[in-house]
Amino acid sequence: MPRKRRRSQSCRNLKHDFTELRLDAVTRHFAHGAREVAALDGLTVTIRRGEFIALLGPSGCGKSTALNCIAGLLSLSAGSIWLDELRIDPLPPEKRGFGMVFQNYALFPHMSVRQNVGFGLRMRGVPRAEIEKRVARALELVQLRGHEEKLPGQLSGGQQQRVAIARAIVVEPPLVLMDEPLSNLDARLRLEMRAEIRRIHRSLGRATIYVTHDQEEALSMADRIVVMKDGRVRQIGAPAAIYSEPADLDVARFMGYRNELAATVEHVAGAEVMLSGGLHGRAMGALTPGMHARAAIRPEDLALGTGPLAGRVENVEYGGRDSLVDVLLADGTRLHVRSAQSAHLGEHVGVAFAPHRLLVYPAG
Ligand code: ADP
Ligand code: MG
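Residues numbered from 1 in each chain as written. Chains lettered and ligands numbered in written order. Predicted model: local features only at pLDDT ≥ 70, side-chain atom pairs only at ≥ 80, totals over all residues. Heavy atoms only, no water.

Asks: Describe the overall build of the protein, listing the residues and the values that go with them.
Replies: Secondary structure assignment for the protein yields 10 helices and 19 strands. A principal-axis box enclosing the C-alpha atoms of the protein has dimensions of 80 × 45 × 40 Å. Out of the 364 residues belonging to the protein, those deemed buried represent 48%. Contacts in the protein between residues far apart in sequence, at least 24 positions, make up 68% of those at least 6 positions apart. Just so you have it, the protein exposes about 17,400 Å², and 51% of that area is on carbon and sulfur atoms. The average position of the 48 basic charges and that of the 40 acidic charges among the side chains of the protein differ by 10 Å. (Helix = DSSP H or I, 4+ residues; strand = E, 2+ residues; numbered from the N terminus. Buried < 20%, exposed > 50% of the residue type's maximum accessible area, 1.4 Å probe, protein only. Contact = heavy atoms within 4.5 Å. Areas by Shrake-Rupley, 256 points an atom, 1.4 Å probe, with all protein chains shown as cover. Lys, Arg positive; Asp, Glu negative; His and termini not counted. Charge placed at Lys NZ, Arg CZ, Asp CG, Glu CD.)

Asks: A description of helix α4 (residues 113-123) should follow, citing residues and the corresponding values.
Replies: Counting along an α-helix, one turn takes 3.6 residues, and residues three or four places apart therefore face a common direction. All buried positions along α4 are accounted for by V113, N116, V117, G118, G120 and L121. Where α4 is buried, its residues contact α5 (128-141) and α6 (157-169). Count one or two residues on from α4 and you reach G125, which has phi positive near 70°.

Asks: Account for the domain arrangement of the protein, with residues named and values stated.
Replies: Split into domains, the protein comes out as domain 1 (2-98 + 173-249) and domain 2 (259-362). Across the contact surface, domain 1 and domain 2 share 1 salt bridge. For E245, the salt bridge identified is with R282, shortest N-O distance 3.0 Å. At the boundary of domain 1 and domain 2, one finds 3 residue pairs in polar contact (both at pLDDT 80 or more). For the side of domain 1 that touches domain 2, the class distribution of residues is 4 nonpolar, 1 polar and 2 charged. (Domains from an automatic or database assignment. Salt bridge = Lys/Arg side-chain N within 4 Å of Asp/Glu carboxyl O. Polar contact = N/O pair within 3.5 Å; in protein donor to acceptor, adjacent residues only side chain to side chain. Nonpolar A, V, L, I, M, F, W, Y, C, P; charged D, E, K, R; others polar.)

Asks: Explain the pattern of salt bridges to me, using residue names and the numbers behind them.
Replies: Pairing of side chains with opposite charge becomes possible as their charged atoms draw close. Scanning the model with the defined rule gives 30 salt bridges in all. Note that E314 is salt-bridged to R334, the shortest N-O span being 3.2 Å. Of this pair, E314 sits in strand β15 (residues 302-318) while R334 sits in strand β17 (residues 334-339), and the two are 20 residues apart along the sequence. Of the charged contacts in the structure, one is a salt bridge between D322 and R338, with a shortest N-O distance of 3.3 Å. Of the two residues, D322 sits in the loop between β15 and β16 (323-329) while R338 sits in strand β17, which places them 16 residues apart along the sequence. Connected through shared salt-bridge partners, R234, D248, D250, R253, E260 and R294 make up one network.

Spelled out as structure tokens, the structure:
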């Protein structure tokens, strides 16, 4: 068998079609001085073909570690990864053949767009005519036809990221992995690219795992979101569920529930809970009378008007169609209220809300 052919076979992707990717208690430790620290601690999640999954969490929570473990760039300390019935975590990255897109594009600066996109196929020994055809198709998909002969330096940031995406998808990988691919782009382009990436995902019909620390990005793009903190999964669910029913106070804080009130539980009736101070809310955990609780609510779910809370306006931040009004309560709690109504510094105001928007968690 000629040499080229053999190489192309050994570097071939596993398979393009799969039903699900399963991560089973995937764990990765790093040595920090004399200590071993778990960057990823027992990540278990199943990703189905066709799904767009976002790994969401604050910086340092283990998102990139998870992605690199899936790609094969990092070995596991414990656990396993399965593509249907095949265990893939012992395989090197080139045997898995997943497409990767990074934050910093990582294009070859001296190669044209065409050469950058075709690089992976050349390495696999794919025949020239086939490369031409597939590169053209990938560039069509990311809407970069006509830019084939340009160098990366002659392209805008958004176009460079499209080249990186074309390069990742040209090998028709079973799985596309993206690590904060939009964080180097300006705000307007980020919005545009969100829709673009969704469109590309749909036309490929495979699975995408997308790492981000931006809640809005995750909410707007993903079919399901995996919320992580300190190397662990806190919640897995559809965007609407993560947004309106955060599993715990940390997830709530991360998802924009900026206001918190300390209170004591007085009465619980099903999902309804009555708190000290005459507050009504929604029970988000096992609550019993006498228990200390923390109630969380978003600024946009509070309104100025007659309600169970009252305080003095401390700050007003004008925001166009509405303003962010800080209200200082008598007990020292500061509330952030997104209000269409204007308010004056020092003014005494009431704060109202719909009880089902006030999420009540056990404290501590
Ligand atoms: P994220 O992508 O969510 O910001 P990372 O996965 O990059 O987080 O990092 C998770 C944790 O693992 C961090 O505490 C980070 O310092 C640590 N970490 C990541 N890579 C390494 C490494 N190569 N060596 C040592 N520690 C690492
Ligand atoms: Mg990262």
